[in-house]
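# Report on the structure
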Amino acid sequence: MPRTLRSGQRSELYVVDVTSGEHRLVFSSSDILFEAPNWTPDGVLIVNGNGKLFRVNDGLEEIELGGVPDINNDHVVSPDGRTVYVSADDGHLYAVPIEGGAGRRVTNDHGPGFHHYLHGVSPDGETLAYIGLQHVGQRRITNVWTIPSAGGADVQVTDDEFADDGSEYGPDGKWIYFNSERAGQAQLFRIAVGSGEVEQLTNDERVNWFPHPAPDGSAIAYVSFPTGTEGHPADIDDVRLRLLTKDGEVRELTKLFGGQGTMNVPSWSPDSTQFAYVTYPI
């Protein structure tokens, strides 16, 4: 079921300039809970809400999804800007022309209870990175997977019982960035495409999720939750947006009331000067 706003709550879409630190309010609504901002290559912002997808253009302009079931807040735009890939509530990933049209299912069946959650597309547009969720008894097992964007055989990238999430390609296509509880509470990691070499990128007292590498490789934007946070809650105070620079410096850009829909998909502008996020003030 799509999330809805509480009484007195708003959805607010901001863009932050990573050099000046200036935050600019782009759009707000007290009628619809929208989430997961990302950009087209020509600089148009896209969000989801109420199971649908929207362009932000002096308001919300619906993108026709061509018969795709209601979607959740995981969606990415192809590097050429022609296709949007979405995670639907039926557990599958779909490709839809960004100008609207019939949806095409990308993913395969993996048996009852397996869900695909989309987070990234490779720089050449040929491969999608997603999180595969399996239920084994009472356990929820999540791993990083990939699949050709045209459809085809899946590749399981990680194979463990740690909580892995937020899988996203770096700009050179050589690494997939993700968050994982393999070091205790969630921290940021990356895994080399092909060799499977894993590197840990953060190691602090906060719970760090959703690494988003800038298109030019200059920094990684991510969401940081308070110590002890389990999972990625929808509404929580003291959510912080941080930058990890290529020199290893951590910069904190803002503190807000938000959660999993704040910045869980690639949210950098094409020129790497700013990124978008959503807050849910009450």
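Residues numbered from 1 in each chain as written. Predicted model: local features only at pLDDT ≥ 70, side-chain atom pairs only at ≥ 80, totals over all residues. Heavy atoms only, no water.

## Structural notes on the overall build of the protein chain
Using the following cut-off: The numbering of helices and of strands both runs from the N terminus, where a helix is a DSSP run of H or I of at least 4 residues and a strand a run of E of at least 2. Only C-alpha atoms enter the radius of gyration; for comparison, a globular chain is expected to reach 2.2 Å times N to the power 0.38, where N is the number of residues. Here's how the labels work: a residue is buried when its accessible area is under 20% of the maximum for its type, exposed when over 50%, partly exposed in between, all with a 1.4 Å probe on protein chains only. We call two residues contacting when some pair of their heavy atoms lies within 4.5 Å. To be clear on the numbers: accessible area is Shrake-Rupley with a 1.4 Å probe, and residue cover counts the displayed protein chains and nothing else. As used throughout, the charge tally considers Lys and Arg to be positive and Asp and Glu to be negative, leaving His and the chain termini uncounted. Charge placement uses NZ in Lys and CZ in Arg. For Asp and Glu, CG and CD serve respectively.
Counting its secondary structure elements, the protein chain contains zero helices and 23 strands. Taking 282 residues into account, the globule formula puts the C-alpha radius of gyration at 19 Å, and the protein chain, at 17 Å, falls close to it. Seen through its principal axes, the protein chain has C-alpha atoms that stretch 45 × 40 × 40 Å. Looking at the protein chain as a whole, 54% of its 282 residues qualify as buried. For the protein chain, restricting intrachain contacts to residue pairs at least 6 apart in sequence, the fraction spanning at least 24 positions comes to 42%. Of the accessible surface of the protein chain, which amounts to about 11900 Å², a share of 45% is contributed by carbon and sulfur atoms. Separation between the mean location of the 20 positive side-chain charges and that of the 41 negative ones in the protein chain comes to 2 Å.

## Here we look at the sheet that holds strand E9 (residues 93–97)
Put simply, the rule reads: Each pair of strands is called paired provided DSSP finds at least two bridges between the two strands.
Reading across from one edge, E7-E8-E9-E10 is the order of the four strands in this open sheet, with antiparallel pairing throughout. Each edge of the open sheet is held by one strand with a lone partner, namely strand E7 (71–77) and strand E10 (104–105). Where E7 meets strand E8 (residues 83–88), four bridges bridge the pair, whose relative direction is antiparallel. Along E8, the bridge assignment pairs Ile 71 with Ala 88.

## Observations concerning the side chain of Thr 40
Rule in force here: Polar contacts, as counted here, are pairs of nitrogen or oxygen atoms within 3.5 Å of one another; within protein the pair requires one atom able to donate a hydrogen and one able to accept it, and residues that are adjacent in sequence qualify only if both atoms are side-chain atoms.
Residue placement: Thr 40 occurs in the loop between strand E3 (34–39) and strand E4 (45–49). Here Asp 42 takes part through its side chain, which lies 2.3 Å from a polar atom of the side chain of Thr 40. Not counting the four nearest positions on each side in its chain, Thr 40 is found in contact with Ile 46, Val 77, Ile 98 and Pro 270.

## Quick notes on the sheet that holds strand E16 (residues 175–180)
Worth spelling out the cut-off: Here, axes are lines fitted to C-alpha atoms. For helices the fit covers the stretch in contact, and angles between N-to-C directions go from 0 to 180 degrees.
An order of E15-E16-E17-E18 is seen for the four strands of this open sheet, with the pairing classed as antiparallel. Because the sheet does not close on itself, it has two edges, and the strands there are strand E15 (164–169) and strand E18 (198–200). Taking the axes of each pair of neighbouring strands and ignoring which way they run, one obtains an average angle of 25° across the sheet. Two strands pair when backbone bridges link them, and E16 and strand E17 (residues 187–192) are joined in this way by six bridges, in the antiparallel orientation. Bridge pairing links Trp 175 to Ala 192 in E17.

## Some thoughts on the side chain of Thr 262
Considering the arrangement of structural elements, one finds Thr 262 in the loop between strand E22 (250–258) and strand E23 (274–279). Relative accessible area serves as the criterion here: at 0%, Thr 262 is assigned to the buried category. Separated by 2.9 Å, the side chain of Thr 262 and the backbone oxygen of Val 278 make a polar contact. Once residues within four sequence positions are removed from consideration, Thr 262 is found in contact with Pro 37, Leu 241, Leu 256, Tyr 277, Val 278 and Tyr 280.

## Quick notes on the pattern of salt bridges
As a reminder of what qualifies: Here, a salt bridge means any side-chain nitrogen of Lys or Arg that lies within 4 Å of a carboxyl oxygen of Asp or Glu.
Enumeration according to the criterion identifies 17 salt bridges in this entry. With a shortest N-O distance of 2.8 Å, Arg 240 and Asp 238 are connected by a salt bridge. With relative accessibility at 17%, the residue Asp 238 sits in the buried group. Among the ionic pairs, Arg 242 bridges to Glu 252, the shortest N-O distance being 2.9 Å. Pair noted here: Arg 242 is in strand E21 (residues 236–245) and Glu 252 is in strand E22, with a separation of ten residues, a long-range link. Glu 252 sits in the partly exposed class, given a relative accessible area of 40%. Put simply, Asp 204, Arg 206, Asp 238, Arg 240, Arg 242, Glu 252 and Lys 255 are held in one network by salt bridges that share partners.

## Quick word on the packing of aromatic side chains
This is how it is decided: Centres within 6.5 Å are what make two rings of Phe, Tyr or Trp a pair, Trp counting through its six-membered ring; a difference in plane orientation under 30 degrees is then read as stacked, over 60 as edge-to-face, and the rest as tilted. Placement of a positive charge over a ring is assigned whenever Lys NZ or Arg CZ falls within 6 Å of the ring centre and within 35 degrees of the normal to the ring plane.
The tally for this structure, following the rule as stated, stands at seven aromatic pairs. Ring centres of Tyr 14 and Tyr 277 lie 5.5 Å apart, and the angle between their planes is 10°; on these two criteria the pair is classed as stacked. You can see Tyr 14 sitting in strand E1 (residues 11–17) and its partner Tyr 277 sitting in strand E23, a full 263 residues away along the chain. On the basis of relative accessible area, Tyr 277 is assigned to the buried category, the value being 3%. By way of ring pairs, the aromatic residues Phe 114, Tyr 130 and Trp 145 are connected into one cluster. A cation sits over an aromatic face here: Arg 3 above Tyr 280, 5.4 Å from the ring centre. Directly above the aromatic system of Phe 189 lies the positively charged group of Arg 182, at a separation of 5.7 Å from the ring centroid.

## Looking at the nonpolar core
Across soluble globular proteins, you tend to see nonpolar side chains buried next to one another. Defined as follows: In plain words, nonpolar cores are sets of buried Ala, Val, Leu, Ile, Met, Phe, Trp, Tyr and Cys residues tied together by side-chain atoms within 4.5 Å.
Leu 243, Trp 268, Phe 275 and Tyr 277 are the most contacted members of the largest nonpolar core, which has 22 residues in total. Within the residue set of this core, elements represented by two or more residues are E1, strand E19 (207–213), strand E20 (219–225), E21, E22 and E23. In contact with Tyr 277, other than residues within four places in its own chain, are Glu 12, Leu 13, Tyr 14, Val 16, His 23, Pro 37, Leu 241, Thr 254, Leu 256, Thr 262 and Met 263.

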